Structures are given as C-alpha cells and as structure tokens.
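# Structural overview
One-letter residues, chain by chain:
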Amino acid sequence: MHPREQTIFALSSGRPPSAIAMVRVSGPEAGPALTVLAGWLPVPRMATRTLLRDAGQQPIDDAVVLWFPGPASATGEDVAEFHVHGGRAVLAALFTALSALPDMRAAEPGEFTRRAFENGKLDLTEAEGLDDLIHADTDRQRRQALRQLKGLLGDRARDWRAQIIEASALIEAGIDFADEGDVPAELMAPALLKIKGLLAEIEEVLAAQGRSERLRDGLVVAIAGPPNVGKSTLMNALARREVAIVSPHAGTTRDIIEVQLDLDGYPVTVIDTAGIRETEDPVEQEGVRRARARAAEADLVLWLADAEHEKILHQGEAPVWLVRNKIDLDGGRSGATRAGGDAGRKGASAEFRISASHGDGLAELIAALVQFAQVYFGSDTGALIGRARQRKLLEEAVASLRRSTEVIGAGEELAAEELRSAAHSLGRLLGRVDIEDILDVIFREFCIGK
Ligand SMILES: Nc1nc2c(c(=O)[nH]1)N(C=O)[C@@H](CNc1ccc(C(=O)N[C@@H](CCC(=O)O)C(=O)O)cc1)CN2
Ligand SMILES: Nc1nc2c(ncn2[C@@H]2O[C@H](COP(=O)(O)OP(=O)(O)OP(=O)(O)O)[C@@H](O)[C@H]2O)c(=O)[nH]1
Ligand SMILES: [Mg+2]
C-alpha cells in the first residue's frame, strides 16, 4: 500500500512523562483501530471514557477517546484520538498495539498537517501559520501565526488571484474581439484599471508590515565593548538571572552567551560576548574573533563603555547604541539620562547612561529596545506576511503585474503572459502549483504529531 494511503499515528502532545498524553491516528484504519482497542466505536466527536485493551485483551490504560469520522476532521480523513496517561510505558504499550494493526505506521513530521493540506482543509499559508503557532514563544508571534492560520493572507491571495484571472479574461476577450492586428486601447482600459488596483493593494500589504516575517526568528541584539566594562552584568540584568559569569578580571567572558527575552511580546535574543581588546592569550583571541563576528551579524549592537573606554571599535551594518555603564562611579556626572544629542559624533545612533549593577537607566534602555523592535518588525495589528517565502512570492507577483501594465500597449499576448506569471506566484503562495518540492521543505520542519 502506498505510504499516503496508510494510516498514521503519533504522539501529538509533549514529551513524556506527562499527566495526559494524546495519540492521534489518521486514515482509513483509524476506526478499526479504535474498535479493536476500545472494544467499540464511540459516538462521533464525543469524549468517551474507556478501558483500552491490546489484541490479547490485556489492559493498556484507562483512557478518554474521540472519534472524528472523515471528512469532518482536522485532517479530512477518519481520525481517532487516544487521551491516555502520559507515562512512557503506557505510550509504548499503545504504540505496540497500534503498530500491530495492518496498514498502520508512525507518522512523519508534519504529516497530519500535510494530509489536512492535501484534503483542502488548509492552504499552504495556513499550514505555515499552524507551524509558527506551535513554535510561538511570545504573544506577538502567537498573534501573527494565528492570523495566518485563520487564512487572512490566504484569503487575500485567493482574491488577488481571482482578479488576475478576470483581468486575463478581459484581455483575452479583447484579443478575440479584434481578431487580427492591434486591440483597440479602449478594450484594454478595464483590464489595465483592474491590474493597477491590484498592484496598489498588494504593494500596500508589502509596504505596511515592516519585516513582520522576521518575527519568527526574533531580533538579535549583541552586547559588545572592551573587557570589564560590565557587559555580562548588563546581560544578567536584562535576563533577570545569572546567565553569565561576572568578575573584576578583564577577559572573563570567552564564549558567546545567548538568552531569549520576551520584550513586550517581541522575541529578542541578547548575546554577551568577549571584551574586545588586543591579547596574547590564544583562547581569548578566539573569543574576541567570535565576538566581532557575532556583533557584525546582529540587528543592533549595544556598545558598552565606561569612563575609561569610549571609542567604538565596531564595524557592521547594524545600528550601534553607545551605552555608558557604571554611572554610579562617576560622581558628579551621574544620572541615568538618555543623551541623543552628541551620539552621532561617536558613530552611535543613540546614547544611554546606565548602572548595570545598580539598575539605573535600565528601564529607559529596555523601553528603547521595545521601540526599536516595534519599528523593526512593523506594526503588528495587520501584518499579513509571516515568512520570507510569502514576501518573495508577493514581490514576484507585483513585478509581473507591473510588467504587464508596461507591455500592454506593445502586445496583449505579452501582458497576458505576465498575468499568468503573477497568478502562478500567488498559486505557489497558496500551495496550488508546483507543490511537491515546497511541501517537502516546509513539512519536514514540522513537529512529529502535527
Ligand atoms: N483534541 C484535539 N484538540 C485540538 C486539535 C485536535 O486535533 N484534537 N487541533 C488540531 O489541529 C486543534 C484544533 N483544530 C481543529 C481543527 C479542525 C477540527 C475538525 O474536526 N474539523 C472538521 C469539523 C469542523 C467543525 O465542526 O468545526 C472539519 O474541518 O471538517 C478539529 C480541531 C487544537 N486542539
Ligand atoms: N560599580 C559598578 N560596577 C559594575 C557595574 N557593572 C559591572 N560592574 C563590575 O565590573 C566588573 C566587570 O563586570 P563584567 O560584567 O564581568 O564585565 P564584562 O564586560 O562582561 O567583562 P569581560 O567579560 O571580561 O569582557 C565586575 O566586577 C562587575 O561587578 C556598574 O554598573 N557599576
Ligand atoms: Mg563578560
């Protein structure tokens, strides 16, 4: 039997042991499996308590089961769910019993979702949203993923695609009407109007969202600067725990230390690096090399300095904020204020004064980081684009549509060809054309049991 027709099962809940675990079964053998293990087929979509038994009638567990006959199920196939106690031996016994049944095998990662997609329950943007929702760590990630799962981008793309096909029909009609030679311009006017309207709509979606697809990875903020200025102390203060070793010795941090922060719902990875200086110690040299490399790749660099070290020794694309630490030590000049004025002069786009160990100025720094994230990711109220793949295909569609408006005067066939190409891009966005290669890439990254 072809693997696609086999019935699949997997643990759909978290890593055992857990209080309760959920094993999902999808495919034609789901009903027979439930009948064998539970003794009977429960009422559809009603949680039912039952004692599960294996083929030798030995009890497996006291469970709750659910029966979703297809096509009204999450995958569109017959689905059975076993909600059991989440012990490893319980799960092992259940898997053994399931594996013993004919045409039954363990699911590949993302295979339930893939089946839901293949049965028309989800389009590709919705499937991507589902995967993003499972991996969402922060509230803004969750909200963005849920918008995708609810089909907000998919619905727009379907509408755009339909309009492109209408515009093509108008052009084709013009071509037929004019039978030979050029199509009169007035016949092309309605098509052109439609295409221009579409272009404006898609461009608005592309422009309005900042880099919303980057919300999946989060913002990378590197703390860099000379040794002993308090980089690790700042890292610990931001993380609110002792992730990095702090000591009065210059050259304490050698490896790169990372923490994931949730700053007002924005995912932010903060990295603490080795203090940058000339050194003879080969281990520290390697630390400095790594520190420079990571700072160069960051989205934002906090260049930490104290009264002695102010010069910024950093090169990269990302903005650099000068953060003066240990203001508790510099007597008269103390006070945690943000002085943007003279920052540009030193190669920094903003300047802060903090005491990482006492906490002064940290609230201002964090507020500025949140604001930076807000600008970086764009307003999240309507962000429709969740992945780079989606942005790229929308950009391709825009480029084709724009070319179609340019060539429409020169030749209707050329315009029609560009419209086909735009529709093709949107079809790929939705997973309607040349899907096999995309599907393999996308679903491979899913969790098992999803
Ligand atoms: N126990 C359990 N909880 C779960 C899921 C699940 O599969 N099982 N889900 C798994 O993703 C999510 C909920 N999503 C679901 C999506 C569709 C259907 C479903 O049965 N759809 C049918 C019927 C529609 C209806 O009556 O609302 C359909 O689409 O035809 C069920 C759950 C999260 N929680
Ligand atoms: N007074 C004062 N001391 C601080 C402050 N921040 C850090 N320190 C002290 O400065 C010393 C160095 O701090 P670290 O956080 O280890 O400095 P670092 O920049 O990570 O140093 P390296 O890892 O060696 O590059 C420690 O003794 C800290 O307690 C501050 O705001 N005020
Ligand atoms: Mg350090």
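Procedures and definitions
- Residues numbered from 1 in each chain as written.
- Chains lettered and ligands numbered in written order.
- Predicted model: local features only at pLDDT ≥ 70, side-chain atom pairs only at ≥ 80, totals over all residues.
- Heavy atoms only, no water.
- UniProt positions renumbered as here; feature names shortened; annotations may be inferred.
- Helix = DSSP H or I, 4+ residues; strand = E, 2+ residues; numbered from the N terminus.
- Buried < 20%, exposed > 50% of the residue type's maximum accessible area, 1.4 Å probe, protein only.
- Contact = heavy atoms within 4.5 Å.
- Near = heavy atom within 4 Å.
- Polar contact = N/O pair within 3.5 Å; in protein donor to acceptor, adjacent residues only side chain to side chain.
- Areas by Shrake-Rupley, 256 points an atom, 1.4 Å probe, with all protein chains shown as cover.
- Nonpolar A, V, L, I, M, F, W, Y, C, P; charged D, E, K, R; others polar.
- Expected span 1.5 Å × (residues − 1).
- Arc of directions from axis to C-beta.
- Donors = N, O, S within 2.8 Å, 3.2 Å for Na, K, Ca; no water.
- Salt bridge = Lys/Arg side-chain N within 4 Å of Asp/Glu carboxyl O.
- Phe/Tyr/Trp six-rings, centres within 6.5 Å; stacked < 30°, edge-to-face > 60°.
- Lys NZ or Arg CZ within 6 Å of the ring centre and 35° of its normal.

The protein chain appears in an unreviewed UniProt entry as tRNA modification GTPase MnmE from Bradyrhizobium sediminis. According to UniProt, the comment filed for the protein chain under the heading Subunit (unreviewed entry) is "Homodimer. Heterotetramer of two MnmE and two MnmG subunits." UniProt annotates the protein chain under Sequence similarities (unreviewed entry) with the comment "Belongs to the TRAFAC class TrmE-Era-EngA-EngB-Septin-like GTPase superfamily. TrmE GTPase family."

As a further point, take the UniProt feature "binding site: Mg(2+)" (unreviewed entry) in the protein chain. UniProt annotation of "binding site: Mg(2+)" (unreviewed entry) refers to Ser-232 and Thr-253 when read in the numbering used here. With the annotated positions falling across 22 residues, the maximum pairwise C-alpha distance of 7.6 Å places them together in a single cluster. By the secondary structure assignment, Ser-232 is in helix H8 (residues 231-239). Since its relative accessible area comes to 7%, Ser-232 is described here as buried. In contact with Ser-232, other than residues within four places in its own chain, are Ala-244, Ile-245, Val-246, Thr-253 and Asp-272. Inspection of the secondary structure puts Thr-253 in the loop between H8 and strand E8 (257-263). In contact with Thr-253, not counting residues within four places along its chain, are Ser-232, Ile-245, Asp-272, Thr-273, Ala-274 and Gly-275.

Turning our eyes to something else, we now look at the site of ligand 2. Surrounding ligand 2, one finds 23 residues, the nearest of these being Lys-231, Thr-233, Gly-251, Thr-252 and Asp-328. Here an oxygen atom of ligand 2 sits 2.9 Å away from a polar atom, N or O, in the main chain of Asn-228. Burial of ligand 2 by the protein amounts to 88% of the accessible area it has alone, namely 650 Å². Classifying every residue of the shell around ligand 2 gives seven nonpolar, 13 polar and three charged.

For helix H9 (residues 282-297), with 16 residues, the first-to-last C-alpha span of 23 Å sits near the 22 Å given by 1.5 Å per residue. Of the positions making up H9, those classed as buried are Glu-284, Gly-287, Val-288, Ala-291 and Ala-295. The arc that holds every buried residue of H9, seen down its axis, measures 100°, which confines them to one face. Along H9, the residues that are exposed and aim more than 90 degrees away from the buried face are Pro-282 and Glu-297. Next to the buried residues of H9 lie strand E7 (219-224) and strand E10 (300-305). Where H9 begins, the side chain of Asp-281 points an oxygen toward the backbone nitrogen of Val-283, at a separation of 2.8 Å.

The next thing to look at is the coordination of the magnesium ion (ligand 3). Looking at the metal site, the magnesium ion (ligand 3) is ligated by Ser-232 (OG) and Thr-253 (OG1), spaced 2.0 to 2.1 Å from it. Here Ser-232, found in helix H8, pairs with Thr-253, found in the loop between H8 and E8; they are 21 residues apart in sequence, far enough to count as distant. Accessibility expressed as a relative area gives 11% for Thr-253, which makes it buried.

The subject of this paragraph is the pattern of salt bridges. In the structure shown here, the tally under the stated rule is 33 salt bridges. For Asp-62, the salt bridge is made with Arg-49, and the minimal N-O distance between the two is 2.6 Å. Placement of Asp-62 in strand E4 (residues 59-68) and of Arg-49 in strand E3 (residues 48-53) is noted, with a sequence separation of 13 residues between them. In this structure, Glu-118 and Arg-114 form a salt bridge, with 3.3 Å as the shortest nitrogen-oxygen distance. Placement of the pair is Glu-118 and Arg-114 together in helix H3 (residues 111-118), with a separation of four residues, close to one helical turn. Given the relative accessible area of 14%, Arg-114 is considered buried. Through salt bridges with shared partners, a single ionic network connects Glu-128, Asp-131, Asp-132, Arg-216, Arg-387 and Arg-389.

Inspection of every chain in the model, using the stated rule, returns six aromatic pairs. Ring centres 5.7 Å apart and planes at 15° place the aromatic pair Tyr-266 and Phe-377 in the stacked group. With Tyr-266 in strand E9 (residues 266-272) and Phe-377 in helix H10 (residues 362-377), the pair connects residues that are 111 residues apart, well separated along the chain. Across this residue pair, the class does not change: Tyr-266 and Phe-377 are buried. Counting every residue linked through ring pairs, the aromatic cluster contains Tyr-266, Trp-321, Phe-352, Phe-372, Tyr-376 and Phe-377. The ring of Phe-112 has Arg-24 sitting right over it, with the charged end atom 4.5 Å from the ring centre. A cation over a ring is seen here: Arg-211 above Tyr-376, with NZ or CZ 4.0 Å from the ring centre.

A word on the site of ligand 1. Taken together, Met-22, Arg-24, Arg-45, Pro-71, Ala-72, Ser-73, Ala-74, Glu-81, His-83, Lys-121 and Lys-450 make up the full set of residues adjacent to ligand 1. Separating an oxygen atom of ligand 1 from a side-chain N or O atom of Arg-24 is a distance of 3.3 Å. Glu-81 places a side-chain nitrogen or oxygen 2.5 Å from a nitrogen atom of ligand 1. Notes on ligand 1: free accessible area 670 Å², of which the protein chains cover 46%. Grouping the amino acids of the shell around ligand 1 by side-chain chemistry returns four nonpolar, two polar and five charged.

Next up on the list: the UniProt feature "binding site: (6S)-5-formyl-5,6,7,8-tetrahydrofolate" (unreviewed entry) in the protein chain. Per the UniProt record, "binding site: (6S)-5-formyl-5,6,7,8-tetrahydrofolate" (unreviewed entry) is found at Arg-24, Glu-81, Lys-121 and Lys-450. In contact with Lys-121, other than residues within four places in its own chain, are Pro-71, Ala-72, Ser-73, Ala-74, Thr-75, Gly-76, Ala-116 and Glu-126. Polar side-chain contacts of Lys-121 include one of 2.7 Å to the backbone oxygen of Pro-71. With respect to the secondary-structure elements, Lys-450 resides in the segment after helix H13 (435-444).

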